[in-house]
Amino acid sequence: MSRFLVVFDVDSTLIEDEVIELLADAAGKRAEVKAITDSAMAGDLDFSQSLAARVAMLEGVSQAAIAQTIDRVRITKGAVELIAAIHAAGGKVAAVSGGFIQVLEPLAEKLGLDFYRANTLEVIDGKLTGKTLGRVIDRSVKSESLLEWASELGLKPSQTIAVGDGANDLEMMATAGLGVAFNAKPLVRATADLVIAGDSLESLSAILPR
């Protein structure tokens, strides 16, 4: 029986990078993509529209760039230790990302995540089409994912913790029993139940249910 659930955002939370910016390097569009990412995470742009605009810039990029991006991803300091502490305390760990399943899946296996969800990049003939498949992982889907996984584990929302950094995480953080801001934008820090200072996730271990 699981005692609690911790759900993480991925980009700039569980990892130090924004995956779409790493992919944009292959298209020579990193600066343009970063500008849109920054506006979306600050809450100035609709996430779904901003994602579509950024992914469109990846059209024609080789599928091989995904594997190269996976190799470049940097796991956030303290993340491995925190995940181990959550599991040791009888908790489960999930990640829900506005990024891409092609990168999150191998990361989830490496980190031992119990649940994970992200967007799927469309690939045809070995190249990115500039589109995603299926429903976009926006703030509503993040919140719904937390509730779905909690229900599957027989947990109440009050037994969940959500950790994020951007506007796309606000609904998930509000739904959870505890909303934690890490490496967060001002809007997120202002509304979070708890703000983690510094660049390591390990300090979150101190507030895990005992």
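Reference entry: report on the structure contained in this document. Bear in mind the structure is a predicted one, so any value in this text is a computation, not a measurement. (Residues numbered from 1 in each chain as written. Predicted model: local features only at pLDDT ≥ 70, side-chain atom pairs only at ≥ 80, totals over all residues. Heavy atoms only, no water.)

## Structural notes on the packing of helix α1 (residues 19-27) against helix α2 (residues 30-41)
Any two packed helices are characterised by the angle at which their axes cross and by the distance between the axes. For the pair α1 and α2, the least separation of the axes is 8 Å and the interaxial angle reads 160°. Accordingly, the angle class assigned to the pair α1 and α2 is roughly antiparallel. For the pair α1 and α2, the crossing hand works out as right-handed. Side by side, α1 and α2 meet where Ile20, Glu21, Leu22, Ala24 and Asp25 of the first sit next to Arg30, Val33, Lys34 and Thr37 of the second. Along the lines of polarity and charge, the residues of the contact of α1 with α2 split into four nonpolar, one polar and four charged. (Axes fitted to C-alpha atoms, helices over the stretch in contact; angles between N-to-C directions. Helix = DSSP H or I, 4+ residues; strand = E, 2+ residues; numbered from the N terminus. Parallel < 35°, antiparallel > 145°, perpendicular 65-115°, else oblique. Left-handed = near helix turned anticlockwise from the far one by under 90°. Contact = heavy atoms within 4.5 Å. Nonpolar A, V, L, I, M, F, W, Y, C, P; charged D, E, K, R; others polar.)

## Details of the environment of Gly43
Here Gly43 lies in the loop between α2 and α3 (47-56). C-alpha separation for the pair Gly43 and Lys185, spaced 142 residues apart in sequence, amounts to 9.1 Å. Sequence-distant contacts of Gly43, that is, excluding residues within four places in its chain, are made with Ala167 and Leu187.

## Some details on helix α5 (residues 79-88)
Among the residues making up α5, those that are buried are Ala79, Leu82, Ile83 and Ile86. For α5, the buried positions fall inside an angular range of 100° around the axis, keeping them on one side. Buried residues in α5 make contact with β1 (4-8), β2 (91-100) and α6 (101-111). Of the residues flanking the end of α5, it is Gly90, one or two places downstream, whose phi is positive at about 90°. (Buried < 20%, exposed > 50% of the residue type's maximum accessible area, 1.4 Å probe, protein only. Arc of directions from axis to C-beta.)

## Section: the nonpolar core
The nonpolar side chains of soluble globular proteins are, as a tendency, buried together. Ranked by size, the top nonpolar core spans 47 residues in total, and within it Phe8, Leu14 and Val163 carry the most contacts. Ignoring anything within four residues of it in the chain, the contact list for Leu14 reads Phe8, Asp9, Ile75, Thr76, Ala79, Ile83, Ala95, Leu111, Leu113 and Leu201. Listed in part, the 22 residues of the second largest apolar core include Val96, Leu146, Leu170 and Met173. (Core = buried A, V, L, I, M, F, W, Y, C linked by side-chain atoms within 4.5 Å.)

## Considering helix α4 (residues 64-72)
Here α4 has its buried residues at Ala65, Ile66 and Thr69. When α4 is viewed along its axis, its buried side chains cluster within an angular range of 105° and face the same direction. For α4, the elements touching its buried residues are α1, α6, β3 (115-124) and β4 (127-133).

## A word on the sheet that holds β2
With respect to topology, seven strands assemble into an open sheet ordered β4-β3-β2-β1-β5-β6-β7, the strand pairing being mixed. Among the strands making up the open sheet, the edge pair consists of β4 and β7 (194-196). When the angles between neighbouring strand axes are averaged without regard to direction, this sheet yields 25°. As judged from the four bridges shared by strand β5 (residues 160-164) and strand β6 (residues 178-182), these two strands associate in the parallel manner. Of the residues in β6, the one forming a bridge with Ile161 is Leu178. Contacts from α5 reach β1 and β2, with the element oriented near 140° to β2. (Pairing = 2+ DSSP bridges.)

Shape descriptors only; they carry no functional weight alone.
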